[in-house]
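Below, each chain spelled out in residue letters.
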Amino acid sequence: MLALNQNISVVKPSATLAINEGVKNARQAGRHIVHWGFGQSPFPVPEGIQRALIQHAGDKNYLPGAGLAALQTAVSEHYQTYYQYAYQADDVFIGPGSKELIFQLLYLIDGPLLLPAPSWVSYEPQAKLLAKPVEWLETSFEDRYLLSPKTLLQWCEQNPQVKQSVLILNSPNNPTGQQYDQQTLKQLAAICRQHNIIVISDEIYAGVSFTKQAYASMAHHYPEGTIVTSGLSKLFSAGGYRLGLALIPQQMEQLKKALLVIISETFSCVTAPVQYAALEAYANYQSHLPYLQQCNKVHQLTADYIQSNLVELGVKCHPAQGAFYLMPSFKGLQTQQSFQTDQQLCMKLLEHHQLAMLPGSAFGMPADAMCARIATVDYDGQKALLASSIEDGCFSNIRQGIEILRGFLKE
Ligand SMILES: Cc1ncc(COP(=O)(O)O)c(C=O)c1O
């Protein structure tokens, strides 16, 4: 019999992929499904970026492991200009998606992984694959499911034997759509500095923000201990291009050297034409901005519509501040059937009402908190850019999802 690495046995296939399979099978069987389970940006990749990719189809040579030098420069300048970060060109690492870079960083940085509950579905399995201990830190609805400084400090005080740990913060957040503010980050930064916590700041949705305030990041308050990750997948709607980036501070020279070693022994470099497409995205960012803002308006329109209707139906849900997600809690709501877990609730909605959502427990929430993550992007992005309101035909699955829930909650 084939013997596998034991670490794989503790990792189940991702809940996101599982529900996606369920939806695909149902659709193949001819059933119409409202798919609020999968968070892929529905908009076309900005045309200039597509053109750059085509123009560079002939670029077939390997590139440096950390990335095309011009792209490293463009990315560091982008973050200096729009985010006021201090990372230099040689702090920039280009990888095949930020997911892969996060995995490699978790491999390299010693210590347990601290995750606010809820957190994105892939962090915990990545740590498990690496046999890295995971510590879940509780959050609350009142704190908008963001990590509170008090909770982090408490964990540090209860675990004085831990000399170094890694904390992943994600803002705007998948699954909640919430964002950290400067004040909270400043307090978290002081604790991280004092207790030697390395922060991975997952900023993959940073450009998809609906708030008027300037974007708040740990990189502002704790630059020496913060690694920022991002990429083309969400803001530029180019998930399938598989280009992510990590910004690693000068103070982590050892980590940068080690990452270069892993890159050279694993993926070598990211696909060359895609790096040229990314160069267009970051070097000419200003010219893409009006289009990106138009996409964000649609993201906000659908998120606000779903959130306000949920609240009207008596479901607890914070308005989204960014990304393409909402995380309502269905706890305490009367339906004819009672549910013990969020999984039961989501399966019932998928199998009997043709509405797909992911259970909050897939994100580390207690199953009896009855949370579900809604992805607010089940529409044709190209048509949505021309739509004048939520009443437009392209948003039928957004409106229909609400009608399904209305009926379900009255059952
Ligand atoms: C919070 C979060 N981080 C990271 C990623 C991965 O993005 P990438 O396509 O850069 O690997 C995703 C994608 O769904 C995400 O939601």
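Residues numbered from 1 in each chain as written. Predicted model: local features only at pLDDT ≥ 70, side-chain atom pairs only at ≥ 80, totals over all residues. Heavy atoms only, no water.

Topic: the site of the ligand
Argument step 1. Around the ligand sit 13 residues in total, of which S98, D202, Y205, S233 and R242 are the nearest.
Argument step 2. Taking R242, its side chain carries an N or O atom lying 2.7 Å from an oxygen atom of the ligand.
Argument step 3. The protein chains hide 92% of the 400 Å² of surface that the ligand would expose on its own.
Argument step 4. Across the shell around the ligand, the residue classes break down as 4 nonpolar, 5 polar and 4 charged. (Near = heavy atom within 4 Å. Polar contact = N/O pair within 3.5 Å; in protein donor to acceptor, adjacent residues only side chain to side chain. Areas by Shrake-Rupley, 256 points an atom, 1.4 Å probe, with all protein chains shown as cover. Nonpolar A, V, L, I, M, F, W, Y, C, P; charged D, E, K, R; others polar.)

Let's talk about the domain arrangement of the protein
Argument step 1. When the domains of the protein are assigned, the result is domain 1 (6-44 + 288-410) and domain 2 (61-284).
Argument step 2. Each of domain 1 and domain 2 has a C-alpha centre, and the two are 25 Å apart.
Argument step 3. At the junction of the two partners, domain 1 supplies 34 residues and domain 2 supplies 35 residues.
Argument step 4. Between domain 1 and domain 2 lies a buried interface of about 3100 Å² when both sides are counted; carbon and sulfur atoms form 62% of it.
Argument step 5. Three residues stand out in domain 1 for area buried against domain 2, namely H318, Q321 and F363, and they jointly supply 23% of the buried area on that side.
Argument step 6. In this structure, the connection of domain 1 to domain 2 is made through 0 salt bridges.
Argument step 7. At the junction of domain 1 and domain 2, the tally comes to 17 residue pairs in polar contact (both at pLDDT 80 or more).
Argument step 8. At the level of elements, helix 11 (285-312) and strand 9 (325-326) are the ones that each hand at least two residues to the side of domain 1 that touches domain 2.
Argument step 9. Taken together, the residues that form the side of domain 1 that touches domain 2 break down as 19 nonpolar, 13 polar and 2 charged. (Domains from an automatic or database assignment. Contact = heavy atoms within 4.5 Å. Buried area = accessible area lost by both parts, 1.4 Å probe. Salt bridge = Lys/Arg side-chain N within 4 Å of Asp/Glu carboxyl O. Helix = DSSP H or I, 4+ residues; strand = E, 2+ residues; numbered from the N terminus.)

Focus on the pairing of strand 6 (residues 197-202)
Argument step 1. Of all 6 residues in strand 6, 6 are buried; the element is thus mostly enclosed.
Argument step 2. Because side chains alternate across strand 6, one face comprises the buried residues I197, V199 and S201, and the other comprises I198, I200 and D202, equally buried.
Argument step 3. Bridging between strand 5 (residues 165-170) and strand 6 involves 6 bridges; their strand directions are parallel. Along strand 6, the bridge assignment pairs N170 with D202.
Argument step 4. After leaving strand 5, the chain enters helix 7 (residues 182-194) and then returns to the sheet as strand 6, a path that is right-handed. (Buried < 20%, exposed > 50% of the residue type's maximum accessible area, 1.4 Å probe, protein only. Pairing = 2+ DSSP bridges. Right-handed = clockwise from strand over helix to strand, strands pointing away.)

Structural notes on the environment of N173
Argument step 1. With respect to the helices, strands and loops of the structure, N173 is situated in the loop between strand 5 and helix 7.
Argument step 2. Given a relative accessible area of 6%, N173 falls into the buried group.
Argument step 3. Here the alpha-carbon distance between N173 and G322, two residues 149 residues apart in the chain, equals 7.5 Å.
Argument step 4. At a separation of 3.1 Å, a polar atom in the side chain of N173 contacts the side chain of T176.

A closer look at the packing of aromatic side chains
Argument step 1. One pass over the full model with this rule turns up 16 aromatic pairs.
Argument step 2. When the centroid spacing of 6.0 Å and the interplanar angle of 80 degrees are considered together, the rings of F141 and Y145 count as edge-to-face.
Argument step 3. The side chain of K316 reaches across the aromatic face of F141, ending 4.4 Å from its centre. (Phe/Tyr/Trp six-rings, centres within 6.5 Å; stacked < 30°, edge-to-face > 60°. Lys NZ or Arg CZ within 6 Å of the ring centre and 35° of its normal.)

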